[in-house]
Amino acid sequence: QQLISKKGKNMVAIEHLVSPSALPPPPPTHPTKSLSVLSWNVLLPNSVDGWWNYKMYSPPLDASSAHMAEWSHRSSLIRQRVELINADVVCLQEVSPKSFEEDFAFMADELGYDGVELFRRGRFRPATFWRKSTVDLAAPPVHKDRTLLTTFRHVNNNGDVDEGVNWHVLNCHLQAGKQGGRRVRQVHEGVGAAVKLARRLKEKDPTSPLLVVCGDFNGGPECGAVRYLEDGSVGPDFLEDGEAVTSKMKKMTLSAPLTDVPNNQELGRGPAPNTLVVQELISLMIEEGTDDTPNLSADVLERLERIYYRYATHSDGAEGTKVMGRSDVERWLIDINGQVGRGSEFRRAAREMGYVDPPEPETAGDDGGSDASGGQREQQRKVEQPRIALPEDGVLSLEGFCRVYEGELREGKFWGIAWDLATMGEALPDKGVFEARYDRMYCSQSVRPTVVLDTLSSMPCPNKEEPSDHLPIAARFQ
């Protein structure tokens with residue numbers, strides 16, 4: 001589909017594509033004035049950090065389809081999609097530093113993305129890839145709070161860098177949860193860094209750089225960070241989750257607010273499609289009226305009680321009453337997590353059964369004072385801290401069992417609870433999907449989109465076709 005609308009004297013054409021599809025190449029007459037960008041939260045765990053990915057598939061995978069949750073299969077789907085879209089710059093979120101080089105070796109080895117910058121901190125990191133034969137860095141990347149700024153110049157057919165045009169790409173993975181204020185600070189810092197760099201590079205108008213902002217915003221239109229980008233500012237009267245996102249007015253240093261690329265009205269297809277498509281669980285799991293500090297619904301509590309007494313084989317001394325002893329808890333943990341000793345359910349259950357963290361060992365020098373630096377002490381704690389264990393004679397009560405899952409609920413692990421319930425014979429009813437547009441792409445007023453690529457799914461993700469719970473978004477700009 002190609003629609004043409006008139007803006008002043010300039011004719012603007014935006015091509016609308018739906019995945020699976022490739023972004024078209026840049027116009028041959030002005031290749032250095034065009035840039036294509038793909039953004040995708042690829043879902044941690046990757047190959048090493050984390051084991052729980054199979055729990056995110058709904059319904060639970062059977063033996064014949066269990067391979068779909070493995071990184072070898074998921075990475076193959078990611079590689080195929082990235083190869084097909086063929087963007088100049090690829091912005092990924094939720095990559096693991098523990099196995100990054102191995103997990104994403106295909107980007108350089110098979111797809112030619114020989115330029116890469118991995119965010120320096122955190123477990124869930126953004127990473128930006130590019131092909132040095134097409135674009136290369138105009139300045140060192142800038143790392144802020146969960147945002148990664150890379151600035152590019154095009155490389156011509158002779159291998160020379162075009163010194164005239166700088167493209168700034170801000171790859172974001174904003175903080176999740178009730179952290180509206182931090183999300184606003186994150187985008188404020190990231191956009192501000194682009195303007196500062198444009199000044200340092202002596203651009204003609206540093207307040208209107210060629211800027212693309214993309215990534216996982218962990219929020220929709222009600223989010224302060226989104227309002228900041230689309231409105232150009234956000235003030236102390238803006239509330240998110242009942243709290244002000246800033247104590248004073250925060251205004252972008254850009255000359256104008258950013259454009260919401262997938263929501264561009266010139267595409268003629270209505271509102272932008274949602275990018276987070278997962279099983280609807282919140283309405284089933286949370287007791288009505290307890291959103292601020294959620295409690296498990298009566299239905300889930302009843303299911304947990306039935307499950308509890310299927311596992312409970314130990315007598316608590318009262319006639320006819322059974323409780324879960326250590327062997328029962330171990331059977332339960334093996335059923336839901338594959339082994340004893342991993343998962344937050346294990347850690348919570350151990351504490352409910354009476355496990356107490358031992359005091360930290362003292363580190364003293366010859367004079368009795370500490371001779372270890374803060375970093376050394378932290379390393380010693382990691383080495384010396386004993387592993388959590390289920391108390392030998394401990395008992396997990398019904399109330400404690402329910403508190404384990406209430407803790408999971410309050411950490412937002414709805415998918416984990418749903419998987420556990422299904423595996424233990426208490427699958428929740430199917431209420432369709434929850435959809436939200438958390439993954440977003442913006443551009444500055446000096447840039448206009450020429451192609452927008454949507455990815456659609458009516459099924460909960462991840463699934464056999466989608467390797468992540470987030471869907472990719474892509475566009476070409478000039």
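The numbers attached to residues start from 1 for each chain and follow its sequence in the written order. Local features in this predicted model are restricted to residues of pLDDT 70 or higher, and side-chain atom pairs are both shown and tallied only at a pLDDT of 80 or more, whereas totals for entire chains, interfaces and linings draw on every residue. Each side-chain value is derived from all of the structure's non-hydrogen atoms; neither hydrogens nor water enter the calculation.

## Overview of the overall build of the protein chain
Numbering goes from the N terminus for both helices and strands, where a helix is a DSSP run of H or I of at least four residues and a strand is a run of E of at least two. Looking only at helices and strands, one finds 12 helices and 24 strands in the protein chain. Between the two quantities, the radius of gyration covers C-alpha atoms and the globule rule is 2.2 Å times the number of residues to the power 0.38. For the protein chain, whose C-alpha radius of gyration is 25 Å, the value lies close to the compact-globule estimate of 23 Å for 478 residues. Burial here depends on accessible area, computed with a 1.4 Å probe over protein chains only, as a share of the maximum for the residue type. Under 20% is buried, over 50% is exposed, and the range in between is partly exposed. Looking at the protein chain as a whole, 50% of its 478 residues are labelled buried. Each accessible area is a Shrake-Rupley result for a 1.4 Å probe, and residues are judged covered by the shown protein chains and nothing else. Accessible area for the protein chain stands at about 22300 Å²; split by element, carbon and sulfur atoms hold 48% of it.

## Describing the sheet that holds strand β19 (residues 322-325)
Sheet architecture is open: 3 strands sit in the order β18-β19-β20, paired in antiparallel fashion. At either end of the open sheet lies a strand with only one pairing partner, and these are β18 (314-315) and β20 (395-396). As defined by bridge partners, β19 adjoins β20 across 2 bridges and the pair is classed as antiparallel. By the bridge assignment for β20, G325 is matched with V395. Only strands joined by at least two bridges in the DSSP assignment are considered to pair.

## Some remarks on the pairing of strand β23 (residues 449-454)
Where burial is concerned, most of β23 is hidden: 6 out of the 6 residues are buried. In this structure, β23 lies alongside strand β24 (residues 473-477), joined through 4 bridges in antiparallel fashion. Across the sheet, the residue bridging to P449 is F477, located in β24.

## Notes on the side chain of S468
Looking at the element boundaries, S468 is found in the loop between β23 and β24. Owing to a relative accessible area of 1%, S468 belongs among the buried residues under this scheme. Within polar-contact distance, the side chain of S468 engages the backbone nitrogen of H470 at 3.1 Å. Excluding anything up to four places from it in sequence, S468 contacts W40, N41, V42, L43, C461 and P462. Any pair of N or O atoms that falls within 3.5 Å is considered a polar contact. Within protein, one atom must be able to donate a hydrogen and the other to accept it, and sequence-neighbouring residues count only if both atoms are side-chain atoms. We call two residues in contact whenever any of their non-hydrogen atoms come within 4.5 Å of each other.

## Structural notes on the packing of helix α7 (residues 298-311) against helix α11 (residues 398-410)
To obtain an axis, a line is fitted to C-alpha atoms, over the contacting stretch when the element is a helix, and the angle between two such axes runs from 0 to 180 degrees between their N-to-C directions. Orientation of α7 relative to α11, taken along the N-to-C sense of each, is 125°, at an axis distance of 10 Å. Looking at the two axes, α7 sits oblique to α11. Two packed elements cross with a definite hand, and for α7 against α11 that hand is right-handed. Mapping the contact onto sequence places L301, L304, E305, I307, Y308 and Y309 in α7 and L398, F401, C402 and Y405 in α11. Polarity classes work like this: nonpolar for Ala, Val, Leu, Ile, Met, Phe, Trp, Tyr, Cys and Pro, charged for Asp, Glu, Lys and Arg, and polar for all others, with Gly in that last group. In terms of residue class, the contact of α7 with α11 is made up of 9 nonpolar, no polar and 1 charged. Every angle not falling under 35 degrees, over 145, or within 65 to 115 is termed oblique; those three ranges are roughly parallel, roughly antiparallel and roughly perpendicular. Handedness of a helix crossing follows the sense of rotation of the near helix relative to the far helix, less than a right angle counterclockwise being left-handed and clockwise being right-handed.

## Regarding the confidence of the model for the protein chain
On average, residues of the protein chain score 91 in pLDDT, and 91% of them are at 70 or above. This model gives residues 1-11 a pLDDT under 50, and the stretch forms 24 contacts once residues within four places in sequence are excluded. pLDDT measures the predictor's confidence residue by residue and takes values from 0 up to 100. Counted against residues more than four places away or in other chains, residues 364-374, with its pLDDT under 50, gives 13 contacts.

## Here's the deal with the environment of P472
Counting through the fold element by element, P472 comes out in the loop between β23 and β24. A residue is classified by how much of its surface remains accessible, and P472, at 3% relative accessible area, is buried. Residues P472 and L304, 168 residues apart in the sequence, show an inter-C-alpha distance of 36 Å. Residue contacts for P472: discarding those within four places in its chain leaves L38, S39, W40, R81 and T455.

## Some thoughts on the nonpolar core
Nonpolar cores were defined as sets of buried Ala, Val, Leu, Ile, Met, Phe, Trp, Tyr and Cys residues, with membership established by side-chain atoms within 4.5 Å. Grouped together as the largest cluster of nonpolar side chains are 36 residues, with contacts concentrated most on M285, M324, V329, W332, F401 and Y405. Those elements that provide at least two residues to this core are α6 (282-285), α7, β19, α8 (326-337), α9 (344-352), α11 and α12 (414-423). The element contributing the most residues to this core is α11, with 6 residues. Non-local contacts of M324, meaning those with residues more than four positions away in its chain, are made with Y308, Y311, A312, V329, W332, G394, V395, L396 and F401. Of all hydrophobic cores here, the second largest spans 28 residues; its members include L174, V187, Y228 and L258.

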